[in-house]
Amino acid sequence: MEIKFINLASEILSQYKQRAKTLFDFRAKIELQIDLKGHRLIGQCQKLAPKDYKIRLHHELIERYGEVYLHDVIPHELAHAVVMEQYPYRVLPHGKEYKATLVALEGKIIAPKNRPKYTLLPHKRRMQRFKYICRCPNRLHLLTAIRHNRIKRGTHLYTCKHCKGLLHESI
Ligand SMILES: [Zn+2]
Ligand SMILES: [Zn+2]
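Read on for a plain summary of the structure. Computed from a prediction, not measured in an experiment: that's the story for all the values here. Each chain carries its own residue numbering, running from 1 in the written order of its sequence. Whichever chain is written first is A, and whichever ligand is written first is 1; the rest continue in order. With the structure being a predicted model, the display of local features is reserved for residues of pLDDT at least 70 and the display and counting of side-chain atom pairs for 80 or more, all residues being used for whole-chain, interface and lining totals.

The next point concerns the overall build of the protein. Secondary structure elements follow DSSP: runs of H or I no shorter than four residues count as helices, runs of E no shorter than two count as strands, and numbering proceeds from the N terminus. The secondary structure content of the protein amounts to five helices and six strands. Ordering the α and β elements of the protein from the N terminus gives α-β-β-β-α-α-α-β-β-α-β. In this treatment the radius of gyration is a C-alpha quantity, and the globule benchmark scales as 2.2 Å times the residue count to the 0.38 power. For 171 residues, the compact-globule estimate of 2.2 N^0.38 gives 16 Å, and the C-alpha radius of gyration of the protein, at 22 Å, exceeds that figure by more than 25%. Counting other C-beta atoms within 10 Å of a residue's own tells you its class, since 20 or more makes it buried, 12 or fewer makes it exposed, and anything in between is partly exposed; those C-beta atoms are placed from the backbone. Here the protein holds 171 residues, and 20% of them are scored as buried. Two residues form a contact once the distance between their C-beta atoms, set from the backbone, is within 7 Å. In the protein, the share of contacts with a sequence separation of at least 24, taken over all contacts with a separation of at least 6, comes to 52%.

Next up, the structure:
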């Protein structure tokens, strides 16, 4: 995870926490963890103890959607924490108390259909390798998308450790 995303996530969280404090006198502690993977959850809010919560964010979705994801999912999860503090008795997770809290936190009404739709890259695409050749006869180098993109941008060159020749994309 790039450090800029970690900083951005905690910055955005503290902005919304400030609003929650002003609007709902919300003073609980929130720990941020960027550890969700896979298709099951795009974000999660867990109550660890009274006035102590953990918001979990999705690693790949942050990398793919950046600020759009953070401004969508952080207030969504924080609103769950606010509702759990405000209504100690059971209320529906996305019921009317929750909706009112989220609208207040975001300061505007965002229709569910206008929320971003997130997709994850299928596993095999993420593992895609690009074919490169050097001067060695019959040697093929499989480069990751990261290395391939660096070559395409012209910021890096890679050489073969056997023939010392530059790697060229094999077409
Ligand atoms: Zn939710
Ligand atoms: Zn070579």
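From this point, the narrative continues.
To continue, consider the sheet that holds strand β5 (residues 140–144). Two modes of strand pairing occur in sheets, parallel and antiparallel, and in both the strands are linked by backbone hydrogen bonds. Strand pairing requires that DSSP identify at least two bridges connecting the strands. Within the open sheet, the three strands sit side by side as β5-β4-β6. Their pairing is antiparallel. Here the strands that pair on one side only, and so sit at the sheet edges, are β5 and β6 (168–169). As defined by bridge partners, strand β4 (residues 129–133) adjoins β6 across two bridges and the pair is classed as antiparallel. In the strand pairing of β6, Ile133 is matched with His168. The convention used is that axes are lines fitted to C-alpha atoms, helices contributing only their stretch in contact, and that angles between N-to-C directions extend from 0 to 180 degrees. Helix α5 (residues 145–153) rests against β4 and β5 of the sheet, and its axis sits at about 95° to β5.

As a further point, take the nonpolar core. Core analysis: the largest hydrophobic core is formed by 23 residues, its most contacted members being Ile55, Ile74, Leu78 and Val82. Breaking this core down by element, the ones donating at least two residues are α1 (3–24), β3 (52–58), α2 (59–86) and α3 (96–106). Here this core takes 11 residues from α2, the largest share from any one element. Excluding its chain neighbours within four sequence positions, the residues that come into contact with Leu78 are Tyr16, Lys17, Ala20, Ile55 and Leu105. We call a set of buried Ala, Val, Leu, Ile, Met, Phe, Trp, Tyr and Cys residues a nonpolar core when their C-beta atoms link them within 7 Å.

Bringing the packing of α1 against α2 into the picture now. The N-to-C vectors of α1 and α2 enclose an angle of 30°; their axes lie 10 Å apart at closest approach. On the basis of the axis angle, α1 is roughly parallel to α2. Here α1 and α2 pass one another in a crossing that is right-handed. Along the contact surface, α1 presents Phe5, Leu8, Ala9, Ile12, Leu13, Tyr16, Lys17, Ala20 and Phe24, while α2 presents Ile62, Gly66, Glu67, Leu70, His71, Ile74, Pro75, Leu78, Val82 and Gln86. Residues were grouped as follows: Ala, Val, Leu, Ile, Met, Phe, Trp, Tyr, Cys and Pro as nonpolar; Asp, Glu, Lys and Arg as charged; and all remaining residues, including Gly, as polar. Among the residues making up the contact of α1 with α2, the classes are represented as 14 nonpolar, three polar and two charged. The labels follow the angle: roughly parallel below 35 degrees, roughly antiparallel above 145, roughly perpendicular from 65 to 115, and oblique for the rest. Each crossing gets its hand from how the near helix is turned against the far one by less than a right angle, where anticlockwise is left-handed and clockwise is right-handed.

Let's shift gears to the sheet that holds strand β2 (residues 43–49). One open sheet holds the three strands; their spatial order is β1-β3-β2, and the pairing between them is mixed. The strands lining the two open edges of the sheet, one partner per strand, are β1 (29–36) and β2. Here the average twist between neighbouring strands, direction ignored, is 25°. Pairing analysis gives six bridges linking β2 to β3, with the strands arranged antiparallel. By the bridge assignment, Gln44 is partnered in β3 with Arg56. Against the sheet, α1 makes contact with β1 and β3, and its axis sits at roughly 145° relative to β1, the strand it touches most. Against the sheet, α2 contacts β1, β2 and β3, and its axis sits at roughly 155° relative to β3.

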